[in-house]
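# Survey of secondary and tertiary structure
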Amino acid sequence: GRNYFNRYSAPETDEDEFADERAEILAEAAALKKSAVAYMHPEVGVCLEDANLFGRNYFERASAPDVENMEEAKERAKILAEAAALKQLASDYMHPEVGVKTTDPTLFGRNYFNRYSAPETEEDEFADER
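Residues numbered from 1 in each chain as written. Predicted model: local features only at pLDDT ≥ 70, side-chain atom pairs only at ≥ 80, totals over all residues. Heavy atoms only, no water.

This next bit is on the overall build of the protein chain. Along the protein chain, the regular secondary structure elements total 3 helices and 0 strands. Traced from its N-terminal end to its C-terminal end, the protein chain shows the element sequence α-α-α. Counting the 130 residues in the protein chain, one finds 2% classified as buried. Accessible surface for the protein chain amounts to roughly 13900 Å². Of this, 56% is attributable to carbon and sulfur atoms. (Helix = DSSP H or I, 4+ residues; strand = E, 2+ residues; numbered from the N terminus. Buried < 20%, exposed > 50% of the residue type's maximum accessible area, 1.4 Å probe, protein only. Areas by Shrake-Rupley, 256 points an atom, 1.4 Å probe, with all protein chains shown as cover.)

Right, here's the structure in full:
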């Protein structure tokens, strides 16, 4: 019989190292194509097939012990209150068109020394001469 691969009219075959390199390049191109399709079509969603991604969370299970004490709860509440105040200040700073709304009566006080009916005070030079 004749050898099909060694005949003169047989198509040329690549060496093993070129074939391995070609397979790696094609695998990388397929992965890049898959990434590009996922990027261009976010409405498709993510398909997860790795079993490690479906593991249970040790800390959020129903039988997990509560680890937060009262001091930590108070500290968390204080931090959240400060963060809310900082957020409000940042919002006030970034939007000056909103204006200031206040009901504190001390903000509407008058200056005792600069009012029109205040008695005139002597300047420092004249007070030192006395």
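With that out of the way, let us pick up a negative patch on the surface. On the surface, Glu-15, Asp-16, Glu-17, Asp-20, Glu-21, Glu-24 and Glu-28 cluster together to form a negatively charged patch. Relative to the assigned elements, Glu-21 resides in helix α1 (residues 16–40). Under the relative-accessibility criterion, Glu-21 is labelled partly exposed at 45%. (Patch = residues over 30% accessible without salt bridge, like charges linked within 9 Å, V, L, I, M, F, W, Y side chains within 5 Å. Salt bridge = Lys/Arg side-chain N within 4 Å of Asp/Glu carboxyl O. Lys, Arg positive; Asp, Glu negative; His and termini not counted. Charge placed at Lys NZ, Arg CZ, Asp CG, Glu CD.)

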